[in-house]
Amino acid sequence: MTILALETTSSFGSVAIAKDGKLLALSCLDIQVTHSERVMPEIERMRVSLNMEMKDFDCVAISNGPGSFTGVRIGLAAAKGIAMSLKIPLIAVNTLELLAGNVTGGERKILALIDARMGEVYGALYDEKGKAIIEPRCSKPEDFLKQIDVPVIALGSGVDAYKNELDRLNIDFRTVPLHLNNPLASGLVSMVYGLAEIPPYNLDEMSRLEPFYLRKSQAELVRDEKESGA
């Protein structure tokens, strides 16, 4: 099976290609250039360098949020377009689960935190095997972190952003090396290969797939405020 994987939920985006259980290529996207300008050209560059055709892909994997609203939207649109044109399965994974997958198999629970800006975090708590204990949610850092009462390994952009809060609440946490602190397309590849079976191509289900935002965008919040004021 040949897999194309896309991760665009943060400024540190990536594209990976794997075949028959072997990672063939991993490319990280330039954070200074928007994903809309880089994703498709990077897929094309990697495909050509590997002497592959688009028809060689059997499956597309995408991290579907939470994260950057624009990045999530761009990644999902690209993944849908490729999967629909090739009539191949599309597998979507939430970004917090993808993050947790970087460190499964250890002795501690896994605290995945993404800085959601606006004084909020996207957070989830997983067990050592990556099963959710606290499901993904968006909340104020203190409201989420005060639920953490076990030793954890903590990773994601929210750890650096709210390390003082982790310390203040006396959470027993360990951080990870730099290369494990971001969601990566290569992690998506591992998750797909770990599935018991690959779901079949389903156009209706794919058409209904929406970004996993976890909260409304700023534009939606402003609109709701105006409507409520009216």
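See the structure above.
Throughout, residues of each chain are indexed from 1 in the direction in which the sequence is written. Whole-chain, interface and lining totals are the exception, using all residues; otherwise, since this is a predicted model, local features are given only for residues with pLDDT of at least 70 and side-chain atom pairs are given and counted only at 80 or more. Hydrogens and water are ignored here; the side-chain numbers use all heavy atoms of the structure.

Colleague: Looking at this structure, I do not really get the pairing of strand E2 (residues 14-19). What am I missing?
Modeller: Across a regular strand the side chains alternate sides, sitting on one face of the sheet and then on the other. The buried count for E2 comes to five of six residues, which makes it a mostly enclosed element. By the convention used here, strands pair only if DSSP detects at least 2 bridges between them. Think of it this way: any DSSP run of H or I at least four residues long counts as a helix, any run of E at least two long counts as a strand, and we number them from the N terminus. In this sheet, E2 lies alongside strand E1 (residues 2-7) in antiparallel orientation, the contact comprising six bridges. Directly across from Leu-6, in E2, lies its bridge partner Val-15. Hairpin remark: E1 followed by E2, antiparallel, with six residues in the connecting loop. Counted between consecutive antiparallel strands, the loop separating E2 from strand E3 (residues 22-28) contains two residues, among which Asp-20 sits at a positive phi close to 50°. To sort residues, take the accessible area from a 1.4 Å probe on protein chains only and compare it with the maximum for the residue type: under 20% means buried, over 50% means exposed, and anything in between is partly exposed.

Colleague: For this particular structure, what's the right way to read the packing of aromatic side chains?
Modeller: The relation between two aromatic rings is expressed through the spacing of the ring centres and the mutual angle of the planes. Geometry of aromatic contacts follows a simple scheme: Phe, Tyr and Trp rings, the Trp one being its six-membered ring, pair when their centres are within 6.5 Å, and the pair is stacked under 30 degrees between planes, edge-to-face over 60, tilted otherwise. Evaluated as defined, the whole model comprises one aromatic pair. Taking 4.4 Å as the distance between ring centres and 20° as the angle between the ring planes, the aromatic pair formed by Phe-69 and Tyr-213 counts as stacked. You can see Phe-69 sitting in helix H2 (residues 69-86) and its partner Tyr-213 sitting in the loop between helix H8 (203-208) and helix H9 (218-229), a full 144 residues away along the chain.

Colleague: Can you walk me through the environment of Leu-209 in this structure?
Modeller: Relative to the elements of secondary structure, Leu-209 occurs in the loop between H8 and H9. Judged by relative accessible area, Leu-209 falls into the partly exposed class, the value being 23%. As a C-alpha pair, Leu-209 and Leu-24 span 185 residues in sequence and 28 Å in three-dimensional space. Residues are treated as being in contact if the distance between any of their heavy atoms lies within 4.5 Å. Apart from the residues within four sequence positions on either side, Leu-209 is in contact with Asn-64, Leu-76, Lys-80, Leu-90 and Ala-92.

Colleague: Honestly, the sheet that holds E3 in this entry has me stumped. Any pointers?
Modeller: Strand pairing within a sheet occurs via backbone hydrogen bonds; the two strands may be parallel or antiparallel. In spatial order, the strands read E3-E2-E1-E4-E5; together these five strands make up an open sheet with mixed pairing. Edge strands, defined here as strands with exactly one partner in the open sheet, are E3 and strand E5 (90-93). Taking the axes of each pair of neighbouring strands and ignoring which way they run, one obtains an average angle of 15° across the sheet. Summarising the sheet, strand E4 (residues 59-63) and E5 pair through four bridges and their orientation is parallel. Its bridge partner lying in E5, Ile-62 is registered against Ala-92. To obtain each axis, a line is fitted to C-alpha atoms, and for helices this fit is confined to the stretch in contact; angles are then taken between N-to-C directions over 0 to 180 degrees. H2 rests against E1, E4 and E5 of the sheet, and its axis sits at about 170° to E4. Contacting E1, E2, E3, E4 and E5, helix H7 (residues 185-193) runs over the sheet at an angle of about 135° to E1.

Colleague: Teacher, can you tell me more about the nonpolar core here?
Modeller: Burial of nonpolar side chains together is a common tendency in soluble globular proteins. Only buried residues count toward a nonpolar core. Its members are Ala, Val, Leu, Ile, Met, Phe, Trp, Tyr and Cys residues joined through side-chain atoms within 4.5 Å. In this structure, Leu-4, Leu-6, Val-15, Ile-43, Val-60 and Leu-90 are the most contacted members of the largest nonpolar core, which totals 21 residues. A total of five residues in this core trace back to one element, the largest contributor, which is H2. Setting aside chain neighbours within four positions, we find Leu-6 in contact with Ser-14, Val-15, Val-39, Ile-43, Ala-61, Ile-62, Ser-63, Gly-75, Ala-78, Ala-79, Ala-185 and Leu-188.

Colleague: Would you mind going over the sheet that holds strand E6 (residues 109-117) with me for this structure?
Modeller: If you trace the five strands from one edge of the open sheet to the other, you get E8-E7-E6-E9-E10, paired in mixed fashion. A strand with exactly one partner marks an edge of an open sheet, and here the two such strands are strand E8 (132-139) and strand E10 (173-174). Sheet topology note: the strand E9 (residues 152-155)/E10 ladder contains two bridges and is parallel. Its bridge partner lying in E10, Val-152 is registered against Phe-173.

Colleague: Please clarify how unusual backbone geometry should be interpreted in this entry.
Modeller: Backbone geometry follows two general trends: most residues other than glycine have a negative phi, and most peptide bonds adopt the trans configuration. In this structure, Pro-66 follows Gly-65 across a cis peptide bond, with omega equal to 10°. Even without being glycine, Asn-51 reaches a positive phi, approximately 55°. Mapping Asn-51 onto the fold places it in the loop between helix H1 (35-49) and E4. Even without being glycine, Lys-87 reaches a positive phi, approximately 55°. Within the secondary structure, Lys-87 is located in the loop between H2 and E5. On the basis of relative accessible area, Lys-87 is assigned to the exposed category, the value being 59%.

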